[in-house]
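A structural walkthrough
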Amino acid sequence: MLGDSAKAQEVFQTTLREAALRAAQGELPREPFWLFRDARWRCLETVKEDLQPEALKLDEHDVAPHAASQIEKLEPAQLAVWISGAPDPQRTALALFYLDEFDYQEILDLAELKLNELSRFLAQGRQQLQAWLDAKQPQQGKV
Amino acid sequence: MKMSRLLRRQRTLLNCAPISHDRLADRSMRAVVARADDSDEFRKQQNFDRAVAEIVHLIPIPPETAEWFSEKDLNVGSKWTWRKMARNPAVLAISIAVVVIAGVSVFQVLSRLNDFPGSATARKLLTVAASTRPVMLDPVSTEAGTLSDLFFMKHGLEHYDVPAEFGDFRTIGCRVFEDEESRRIAQIWLAEKRIQLFLFPAERNPKTGAVLWFPGWRYVHQEGWAGAVTERSGVCFMAALRGSEKDLALYISNTTGQ
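Our subject in this report is the structure included herewith. From a predicted model like this one, the values you see are computed outputs, not experimental measurements.

Scanning chain A from terminus to terminus reveals eight helices and zero strands. For chain A, the sequential pattern of α-helices and β-strands runs α-α-α-α-α-α-α-α. Out of the 143 residues belonging to chain A, those deemed buried represent 29%. Taking all contacts inside chain A whose residues are at least 6 apart in sequence as the whole, residues at least 24 apart take part in 71%.

In structure tokens:
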């Protein structure tokens, strides 16, 4: 979500500290995923204070048959930075989806999205990531 | 099958198809995935998603954060043992309460097992026996079995007969009195081991008035006294002494044997 481990660490600790305080005061919400939702909003608040990337229309390519081998060559940090560079709520959708910890209904609930929005963000995300991969690894893109 | 043949709604769902099959949340998602499972396009999407998810899981987590999710800590929190549960104050309190309730219930059931029609009166009369002094009775020295005539002639009490088991014992005294329910009770004091005999009306069915009959001899206990009770012709007879059921059983079995 943040593409920066130091900021992620800070948000994580703040979220847990607030949760502990609320628990001590007996004010824990009963709704599921409130902790994740809280963490998400803190991430978005943190990002707001940073320099904002220019809004660009990213290229989109159809998912290639050799995409998996292209992705394998990526450094995890590169992928983290790419996802964190996506505009929200697409960023939240991609982050939650690729964590592979939630089903699509839980993601809809957490990211406060509609099904067609989530579907569009994921489909666009795949195509944009494929275009980026093709740009980074042009020789494989031509195979 | 081509994904383009899918309905728009199904296509929308398919874009959100989970990476792991164990996250197939609902029936509509399961159905659309099953339908598109053999399409090249969907296979490409799934391979793409799996590859991305694998890299996402390799994104380094700061060590301070990772500590929160260490396997050791999670295991400690989730460990569940019978011993741990038994030490939980709430479980302990409930267990003690259940044991006490069960104990009281068993005690009541056992007491009820020994109950018979007239047992409550018999217990009250054991208290009377404990507090009676010989001077309170009219002195009569005869065989207990002969007092039936006295009760009938003097007090109009029918069937107040001393059973054969105790009929031959010498008496010290006797009296007739009324209890708090105005029932007329005959009391006889024997010379033999200071045994006291009681004759009182048998319990009746409040609706029909029929005598509530019970067979043989039954025993009651109250404050160190024991009583052996039997019912004949609508009248209960009780032999009472300070001691145990064994002391009374000796008389009953001996005489029954004769």
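Read on, since the account is not over.
Before going further, it helps to examine helix α6 (residues 104-111) of chain A. Among the residues making up α6 of chain A, those that are buried are Y104, I107 and A111 of chain A. Mapping the buried residues of α6 of chain A onto a view down its axis gives an arc of 55 degrees, with all of them on the same face. Buried residues along α6 of chain A sit against α5 (90-99) and α7 (115-136) of chain A together with α2 (27-36) of chain B. Note on α6 of chain A: the residue one or two positions beyond its end, E112 of chain A, has a positive phi of about 55 degrees.

Next up on the list: the sheet that holds strand β3 (residues 184-190) of chain B. Residue and element names in this part refer to chain B. An order of β1-β2-β3-β4-β7-β6-β5 is seen for the seven strands of this open sheet, with the pairing classed as antiparallel. Because the sheet does not close on itself, it has two edges, and the strands there are β1 (138-139) and β5 (218-222). Pairing geometry for strand β4 (residues 196-201) and strand β7 (residues 235-242), over six bridges, is antiparallel. Residue pairing across strands places L199 opposite F237, the latter belonging to β7. Packed onto the sheet, helix α9 (residues 147-155) meets β2 (171-178) and β3 and runs at close to 35 degrees relative to β2.

Quick look at the interface of chain B and chain A now. Taken together, the contact between chain B and chain A spans 24 residues of the former and 28 residues of the latter. Per element, the largest residue contribution to the side of chain B that touches chain A is ten residues, and it comes from helix α3 (residues 40-58) of chain B. Residue classes in the side of chain B that touches chain A are distributed as 15 nonpolar, six polar and three charged.

Our focus in this paragraph is the packing of helix α1 (residues 5-24) of chain A against helix α2 (residues 34-49) of chain A. All names here are of chain A. One can describe the packing of α1 onto α2 by two numbers: an axis separation of 10 Å at closest approach and a directional angle of 135 degrees. Here α1 lies oblique to α2, going by the angle between them. α2 is crossed by α1, and the crossing has right-handed handedness. Between α1 and α2, the residues in contact are K7, V11, T14, T15 and A19 and L35, D38, A39, R42, C43 and T46, respectively. Taken together, the residues of the contact of α1 with α2 sort by class into five nonpolar, three polar and three charged.

Criteria and thresholds
Residues numbered from 1 in each chain as written. Chains lettered and ligands numbered in written order. Predicted model: local features only at pLDDT ≥ 70, side-chain atom pairs only at ≥ 80, totals over all residues. Helix = DSSP H or I, 4+ residues; strand = E, 2+ residues; numbered from the N terminus. Buried ≥ 20, exposed ≤ 12 C-beta atoms within 10 Å, placed from the backbone. Contact = placed C-beta atoms within 7 Å. Arc of directions from axis to C-beta. Pairing = 2+ DSSP bridges. Axes fitted to C-alpha atoms, helices over the stretch in contact; angles between N-to-C directions. Nonpolar A, V, L, I, M, F, W, Y, C, P; charged D, E, K, R; others polar. Parallel < 35°, antiparallel > 145°, perpendicular 65-115°, else oblique. Left-handed = near helix turned anticlockwise from the far one by under 90°.

The values are spatial; any link to function lies outside them.
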